Amino acid sequence: MENLDQTDKTILRILQNDSKKTAKEIASMLNLTVSPVYERIRRLENQGFIKKYVAILDKMRIGKAVTVMCQVSMRYHNEAFIDEFEEQIQDLQEVQECYHAVGQVDFILKIHVGSLEEYHEFLRYKLSKIKNIGVLNSIFLIKEIKQTSEYYI
């Protein structure tokens, strides 16, 4: 964060809220000229502050209404088993997010599917095929209270 001044932070906040904003629109909002804003955005991209631009989809409209947080505990905790799990989880399209955790569980997965039956099939035919999983605990989310992709900066 030491490389960011207030203008950089403001640009990042604007782009987090609406990544379709153009350099011209952002410059107008900040009372600056377009060229320096454009250069700042490119610098922020090149330095890795901006990883990518995405469209956030409505999960209900795309048929992925069921959200499950799945807690995974491994049988064995050596490096090879952890690496294998992390590699295999990449291929499971239903898994939107995967976190390696410390505590009672080893991994936490955020999974989106269309129905309970689809989740059952995911568990039975995909997730359960990964070696070394000891215990799975599924938490079904019934209402989304807050969801954001924006970081507070």
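Residues numbered from 1 in each chain as written. Predicted model: local features only at pLDDT ≥ 70, side-chain atom pairs only at ≥ 80, totals over all residues. Heavy atoms only, no water.

Draft legend 1. Up close: the UniProt feature "domain: HTH asnC-type" (unreviewed entry) in the protein chain. What UniProt calls "domain: HTH asnC-type" (unreviewed entry) maps, in this numbering, to residues 4-65. In residues 4-65, the share of helix is 53% and the share of strand is 0%. The end C-alpha atoms are 38 Å apart. (UniProt positions renumbered as here; feature names shortened; annotations may be inferred. Helix = DSSP H or I, 4+ residues; strand = E, 2+ residues; numbered from the N terminus.)

Draft legend 2. Fine view of the state of the cysteines. Evaluation of the coordinates by the stated rule reveals zero disulfides. Considering cysteine sulfurs only, C98 is the nearest to C70, which forms no disulfide, with 9.9 Å between them. (Disulfide = S-S within 2.5 Å.)

Draft legend 3. Representation of the layout of surface pockets within the structure. Considered as a void within the structure, the largest pocket measures approximately 2000 Å³ in volume. Taken together, 45 residues line the largest pocket, and the ones lying closest to its centre are V54, I56, Q96, Q147 and S149. Contributing elements (two or more residues each) for the lining of the largest pocket: α1 (6-17), β1 (66-74), β2 (95-100) and β3 (107-113). Looking at the lining of the largest pocket, the element that brings in the most residues is β2, giving five residues. Viewed by domain, the lining of the largest pocket spans two of them, domain 1 (6-46) and domain 2 (66-141), each represented by three or more residues. (1 Å grid on protein atoms, 1.4 Å probe; cavity = no way out; pocket = protein on both sides within 12 Å on 5 of 7 lines; lining within 4 Å. Points joined across faces, edges and corners; volume = space filled by probe spheres on them. Domains from an automatic or database assignment.)

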